[in-house]
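Below are the chains, spelled out letter by letter.
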Amino acid sequence: QVQLVESGGGLVQPGGSLRLSCAASGGIFRFYAMKWYRQAHGKQRELVASITSGGSTVYADSAQGRFIISRDNAKMTVYLQMSSLKPEDTAVYYCYAWGGPVGPSEYWGQGTQVTVSS
């Protein structure tokens, strides 16, 4: 019912910034909590940041102070603004939705690669 499409990944130098976007379709966006996960090569997928339907945010310790999650309900899009990037931030970043008017249900995006390297 819900499709999530990430964009904005790419190659960035250490200390640089990148903004990821996740566009949702097929659901009532305001009913969903949105999250960003990441999975580095050979590592377990981990939660990076969450934002509730009301706009409350939570960050992983590794992201605190460097990343900002936000949402635009009119555009049905969630963002992850990343700054002061480190090589250890290199991973595939996945958008995730939880909730909805009937559920709970959960959905995943296809992922977008972020590589932090000089």
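Going by the structure above, here's the rest.
Analysis parameters
Residues numbered from 1 in each chain as written. Predicted model: local features only at pLDDT ≥ 70, side-chain atom pairs only at ≥ 80, totals over all residues. Heavy atoms only, no water. Core = buried A, V, L, I, M, F, W, Y, C linked by side-chain atoms within 4.5 Å. Buried < 20%, exposed > 50% of the residue type's maximum accessible area, 1.4 Å probe, protein only. Contact = heavy atoms within 4.5 Å. Disulfide = S-S within 2.5 Å. Helix = DSSP H or I, 4+ residues; strand = E, 2+ residues; numbered from the N terminus. Salt bridge = Lys/Arg side-chain N within 4 Å of Asp/Glu carboxyl O. Lys, Arg positive; Asp, Glu negative; His and termini not counted. Polar contact = N/O pair within 3.5 Å; in protein donor to acceptor, adjacent residues only side chain to side chain.

Let's talk about the nonpolar core
- With 29 residues, the main nonpolar core has Leu4, Met34, Trp36, Leu80, Met82 and Tyr93 as its most contacted residues.
- If we ignore the near neighbours within four places in the chain, the residues touching methionine 82 are Gly16, Ser17, Leu18, Leu20, Arg66, Phe67, Tyr93 and Val114.

Quick word on the state of the cysteines
- For the structure shown, the criterion picks out one disulfide.
- Across a sulfur-sulfur distance of 2.0 Å, cysteine 22 and cysteine 95 are joined as a disulfide pair. Measuring handedness by torsion sign, the sulfur bridge of cysteine 22 and cysteine 95 sits at about -85° and is left-handed. Of this pair, cysteine 22 sits in strand β3 (residues 18-25) while cysteine 95 is found in strand β9 (residues 91-99), placing the two residues 73 residues apart along the sequence.
- Relative accessible area serves as the criterion here: at 0%, cysteine 95 is assigned to the buried category.

Observations concerning the pattern of salt bridges
- Taken as a whole and judged by the stated rule, the model has three salt bridges.
- A salt bridge links glutamate 46 to arginine 38; the shortest N-O distance between them is 2.7 Å.
- The class of arginine 38 is buried, set by a relative accessible area of 6%.
- Residue arginine 38 is joined to aspartate 89 by a salt bridge in which the shortest nitrogen-to-oxygen separation is 2.9 Å. Here the residue arginine 38 occupies a position in strand β4 (residues 32-39), and aspartate 89 occupies one in the loop between β8 (77-82) and β9, the gap between them amounting to 51 residues. For the pair arginine 38 and aspartate 89, one class covers both residues: buried.
- Among the charged side chains, a salt-bridge network with shared partners connects Arg38, Glu46, Arg66 and Asp89.

Observations regarding the side chain of lysine 35
- Positionally, lysine 35 belongs in strand β4.
- No salt bridge forms around the buried lysine 35; measuring N to O, its nearest opposite-charge neighbour glutamate 106 is 9.0 Å away.
- Among the polar contacts listed, one links the side chain of lysine 35 to the side chain of serine 50, at a separation of 3.2 Å.
- Residues in contact with lysine 35, not counting those within four places in the same chain, are Leu47, Ala49, Ser50, Ile69, Tyr94, Cys95 and Tyr96.

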